[in-house]
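# Coordinate analysis (summary)
Here is how the chains run, residue by residue.
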Amino acid sequence: EGTAPKASIAVRYEEQLFFYKCSKDRNQLEETLTFMNELVSQNNIDLSRMDAFGYSSGPGSFTGIRMGMMVAQGLSFEDPSKVFPLPCQSALALIVYEKFKINEVCVVRNAFMQGYFIGKFNFIDGVICDGSTEQLIDSNQLGKHLKGFSNIYVPLGESQLIASGLTSKIKVQEIDVNASLLLPVLEKMASGVQGFNFLTADVNYLRGDNAWSTWKS
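Scoring rules and cut-offs
Once a new chain begins, its residue numbering starts again from 1 and follows that chain's sequence as written. In view of the model being predicted, local features appear only for residues whose pLDDT reaches at least 70, and side-chain atom pairs are presented and counted only at 80 or more, with totals across whole chains, interfaces and linings using the full set of residues. Only hydrogens and water are removed before side-chain values are computed, so all heavy atoms of the structure are retained for them. Runs of H or I in DSSP of at least four residues are treated as helices and runs of E of at least two as strands, each being numbered from the N terminus. Relative accessibility thresholds used throughout: buried, under 20% of the residue-type maximum; exposed, over 50%; partly exposed, between the two (1.4 Å probe, protein chains only). The criterion used for residue contact is that any of the two residues' heavy atoms lie within 4.5 Å. Here, Shrake-Rupley sampling with a 1.4 Å probe gives the accessible areas, and only protein chains in the shown set may cover a residue. Note on ring pairs: Phe, Tyr and Trp rings are taken, using the six-membered ring of Trp, and paired if centres are within 6.5 Å. Classes follow the plane angle, with under 30 degrees stacked, over 60 edge-to-face and the rest tilted. To estimate the expected span of a helix, count its residues, drop one, and scale the result by 1.5 Å. pLDDT expresses, on a scale from 0 to 100, how confident the predictor is about each individual residue. Here an axis means a line fitted to C-alpha atoms, over the contact stretch when the element is a helix, while the angle between two N-to-C directions is reported on a 0 to 180 degree scale. These descriptions rest on fixed angle ranges, namely under 35 degrees for roughly parallel, over 145 for roughly antiparallel, 65 to 115 for roughly perpendicular, and the rest for oblique. Helix crossings get a hand from a simple test, with the near helix turned counterclockwise from the far one by less than a right angle marking a left-handed crossing and a clockwise turn marking a right-handed one. Under this grouping Gly is polar, as are all residues other than the nonpolar Ala, Val, Leu, Ile, Met, Phe, Trp, Tyr, Cys and Pro and the charged Asp, Glu, Lys and Arg.

### Overview of the overall build of the protein chain
Tallying secondary structure elements over the protein chain gives 8 helices and 10 strands in all. Taken across its 217 residues, the protein chain has 46% of its residues classed as buried. Across the protein chain, every contact between residues at least 6 apart in sequence was considered, and the portion connecting residues at least 24 apart equals 57%. Carbon together with sulfur atoms contributes 49% to the accessible area of the protein chain, which is approximately 11,800 Å² in total.

And the structure:
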């Protein structure tokens, strides 16, 4: 997971769960690779036996997305078909649904450059339904797009920034977006669980999404 301020990596191998979160803002790729090298050598992990490798495909830090993609592709070198992109807004909405069991979830992420990524998701029996939307909006339009929601969910550390763009009394709740929380989503994707196939739609969110093109121009 490279879209958060501090990257993290989670590995489940033979019923054991390993998790690491970078301690620094810089040189996170080196720190991540060092952890993986030590983990593999100290625990006799055979990467060829892994069922899947996943990375956060955005929205979020473009550098972090590229880093995650590179690590996942490198670790899965023998079988690139095991790599799964995890669109962050959809995955975050799933984490919120699993935690609170609410059928309408709104997630917001800071897009910097005076903008926000906003996702509105509808769930039926844990499956994201038609009518769910994701878009990039200007910061002065945030309140307008959140009408009808009493709660919104944001990544850890972004509540104060996002709350400053609201004029109405909407409760902003932080969710820690890290690799250990995304791991169950990846496992369900890899095993073909119904309702998770939607996550494969956007391989490179920032590069292919129309909102990113508009924002970048």
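### As for the environment of Phe62
Along the chain, Phe62 turns up in helix α2 (residues 62–75). Along the sequence, Phe62 and Gly2 sit 60 residues apart, while their C-alpha atoms lie 8.8 Å from each other.

### Re the packing of aromatic side chains
Summed over the entire model, instances satisfying the criterion amount to 3 aromatic pairs. Considering the side-chain rings of Tyr97 and Phe123, the 4.7 Å spacing of their centres and the 15° angle between planes classify their relative orientation as stacked. Separated by 26 residues along the polypeptide, Tyr97 in helix α3 (residues 88–100) and Phe123 in strand β6 (residues 115–124) bring together distant segments of the chain. Residue Phe123 is classed as buried on the basis of its relative accessible area, which comes to 4%.

### Observations concerning α3
Compared with the 18 Å implied by 1.5 Å per residue over 13 residues, the 18 Å span of α3 between its first and last C-alpha is a close match. Counting buried positions along α3 gives 10 out of 13 residues, so the element sits mostly inside the fold. Residues of α3 that are buried include every one of Cys88, Gln89, Ser90, Ala91, Leu92, Ala93, Leu94, Ile95, Val96 and Tyr97, and no others. One or two positions beyond α3, positive phi appears at Lys101, with a value near 55°.

### Points about unusual backbone geometry
Note the cis peptide between Gly58 and Pro59, where omega equals 5°. Positionally, Pro59 belongs in the loop between β3 (53–56) and α2. For Asn44, which is not a glycine, the phi torsion comes out positive at approximately 50°. Here Asn44 lies in the loop between α1 (28–43) and β3. A relative accessible area of 65% means that Asn44 is categorised as exposed. Unusually for a residue other than glycine, Lys101 sits at a positive phi of about 55°. Looking at the element boundaries, Lys101 is found in the loop between α3 and β5 (104–110).

### A closer look at the confidence of the model for the protein chain
Close inspection of predicted coordinates is inappropriate in any region flagged by low pLDDT. Per-residue confidence for the protein chain gives a mean pLDDT of 82; residues scoring 70 or more make up 87%. In this model, residues 194–217 is a region of pLDDT below 50 whose contacts with residues beyond four sequence positions or in other chains number 49 contacts.

### Regarding the packing of α1 against α2
Each packed pair of helices is defined by two parameters, the angle between the axes and the distance between the axes. Running from N to C, α1 and α2 cross one another at 25°; their axes reach a closest spacing of 11 Å. When the interaxial angle is binned, α1 and α2 end up roughly parallel. The interaxial crossing formed by α1 with α2 has right-handed handedness. Here Gln28, Leu29, Leu33 and Met36 of α1 come into contact with α2, specifically with Met67, Met70, Val71 and Leu75. Its residues placed into classes, the contact of α1 with α2 shows 7 nonpolar, 1 polar and no charged.

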